[in-house]
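Okay, here's what each chain looks like letter by letter:
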Amino acid sequence: DILLDTVKLTTVPKKAGPLLVEVVNYAEELDKDEIRKMMVALLIELIKIRNQDKVILTRPKNLPIDTVKELLDSHFRHGYKNNAPRLPQLAVYSIYQTIIDKVSRFEGQTLDDLQRMKAADRKAGTVGDIVLISGEGEPVEAVEIKFDQPITDMHICEAIEKVRGATVSRYYVLSTEGISLEDQAIIAKRKSDFLKQNGCEIIVNGIVETIGYYLRLMPNTSEFLNHYATLVESDPDTGYEHRISWNELCANI
């Protein structure tokens, strides 16, 4: 038998090492047929782990806007172990993918690549979670996404510091929880003052509400839903729990 105190284990995660030793010690007591069955069982479980992120997502077509909004809100709030804030980012990025070549205001602009979830804005060299770039390579519009927290005056102050020296003309601060009621007045004044000083318009709103406004400009919701499903299906910061919940929610529409 292999003894734990005689073996230096460097596995990741750490608990895998002791488990491996237990499996090897257990296998030594089995006959060949039992070992074969054990190996088959282990391989099946490894294949399940490998494939668990490979979920083909449902892509609903021609859903009413209100249904899309309810679907998104339910997907954001489904209750995940990890990375729930990524979903609103993907949803807003998807709506820009949908409208950028259809709205004249965005002519000549491109949608910058979506940064990984844990890449801080300043470290990543961007002014927001989502950024539109001019033909000259300068940011002209950006979006900051807040999850599970209302937009407060502090968030607006942070946004102003980000764009004070940038070429951004519109800066959105969007949240799943909308705007803090107690900060509404001071936010309105701070936005107005900054627009006069800098020329950048700061817009605050709810995420689902904003997506709904843009969807009204589109002939239907299918393209947006396809973009969103594609991102959730492939994004490295989403996983099995986010993907399977989308399919479950779509099945209940």
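Residues numbered from 1 in each chain as written. Predicted model: local features only at pLDDT ≥ 70, side-chain atom pairs only at ≥ 80, totals over all residues. Heavy atoms only, no water.

Some points on the overall build of the chain
Piece 1. The helix and strand tally for the chain stands at 10 helices and five strands.
Piece 2. For the chain, the C-alpha radius of gyration of 24 Å lies well beyond 18 Å, the compact-globule estimate for 253 residues.
Piece 3. C-alpha atoms of the chain, sized along the principal axes, occupy 80 × 45 × 40 Å.
Piece 4. When each of the 253 residues of the chain is scored for burial, the buried share is 42%.
Piece 5. Sequence separation of at least 24 residues holds for 72% of the intrachain contacts in the chain that already meet a minimum separation of 6.
Piece 6. Counting every atom, the chain has about 14,500 Å² of accessible surface; 53% of that belongs to carbon and sulfur.
Piece 7. Across the chain, 31 positive and 39 negative side-chain charges occur, with their mean positions spaced 1 Å apart. (Helix = DSSP H or I, 4+ residues; strand = E, 2+ residues; numbered from the N terminus. Rg over C-alpha atoms; globule rule 2.2 N^0.38 Å. Buried < 20%, exposed > 50% of the residue type's maximum accessible area, 1.4 Å probe, protein only. Contact = heavy atoms within 4.5 Å. Areas by Shrake-Rupley, 256 points an atom, 1.4 Å probe, with all protein chains shown as cover. Lys, Arg positive; Asp, Glu negative; His and termini not counted. Charge placed at Lys NZ, Arg CZ, Asp CG, Glu CD.)

Topic: the pattern of salt bridges
Piece 1. One pass over the full model with this rule turns up 17 salt bridges.
Piece 2. R59 serves as the salt-bridge partner of E233, at 3.0 Å between the closest nitrogen and oxygen. Of this pair, E233 sits in helix α9 (residues 222–234) while R59 sits in the loop between α2 (32–51) and α3 (65–76); the two residues are 174 residues apart in sequence, bridging distant segments of the chain.
Piece 3. One salt-bridge network, held together by shared partners, links R86, R116, D235 and D237. (Salt bridge = Lys/Arg side-chain N within 4 Å of Asp/Glu carboxyl O.)

A short note on the nonpolar core
Piece 1. If you look at the biggest cluster of nonpolar residues, it comprises 42 residues, and the most contacted ones within it are L72, V92, I95, Y96, I211, Y228 and W246.
Piece 2. Broken down by secondary-structure element, the contributors of at least two residues to this core are α3, α4 (86–99), β2 (130–133), β3 (139–146), β4 (170–175), α8 (207–215), α9 and α10 (240–251).
Piece 3. The greatest single-element share of this core, amounting to eight residues, is contributed by α4.
Piece 4. If we ignore the near neighbours within four places in the chain, the residues touching L72 are A91, I211, F224, Y228 and W246.
Piece 5. Of all hydrophobic cores here, the second largest spans 17 residues; its members include A142, I160, V163 and V204. (Core = buried A, V, L, I, M, F, W, Y, C linked by side-chain atoms within 4.5 Å.)

Here we look at the sheet that holds strand β5 (residues 201–206)
Piece 1. One open sheet accounts for five strands, arranged β1-β2-β3-β4-β5; its pairing is mixed. The outermost strands of the open sheet, each flanked by one partner alone, are β1 (110–111) and β5.
Piece 2. Sheet topology note: the β3/β4 ladder contains six bridges and is parallel. Bridged to K146 within β4 is S175. (Pairing = 2+ DSSP bridges.)

Quick look at the pairing of β4
Piece 1. Judged by how many residues are buried, β4 sits mostly within the fold: five of six residues are covered.
Piece 2. Where β4 meets β5, six bridges bridge the pair, whose relative direction is parallel. Bridging across to β5, L174 finds its partner in N205.
Piece 3. Tracing the backbone out of β4, into helix α7 (residues 184–198) and back to the parallel element β5 gives a crossover that is right-handed. (Right-handed = clockwise from strand over helix to strand, strands pointing away.)

Here we look at the pairing of β3
Piece 1. Counting buried residues in β3 gives eight out of eight residues, a clear majority hidden from the surface.
Piece 2. Between the end of β2 and the start of β3, which pair antiparallel, lie five residues, with G137 showing a positive phi angle near 85°.
Piece 3. After leaving β3, the chain enters helix α6 (residues 153–163) and then returns to the sheet as β4, a path that is right-handed.

Interpretation note: all reported values are geometric properties and have no functional meaning in isolation.
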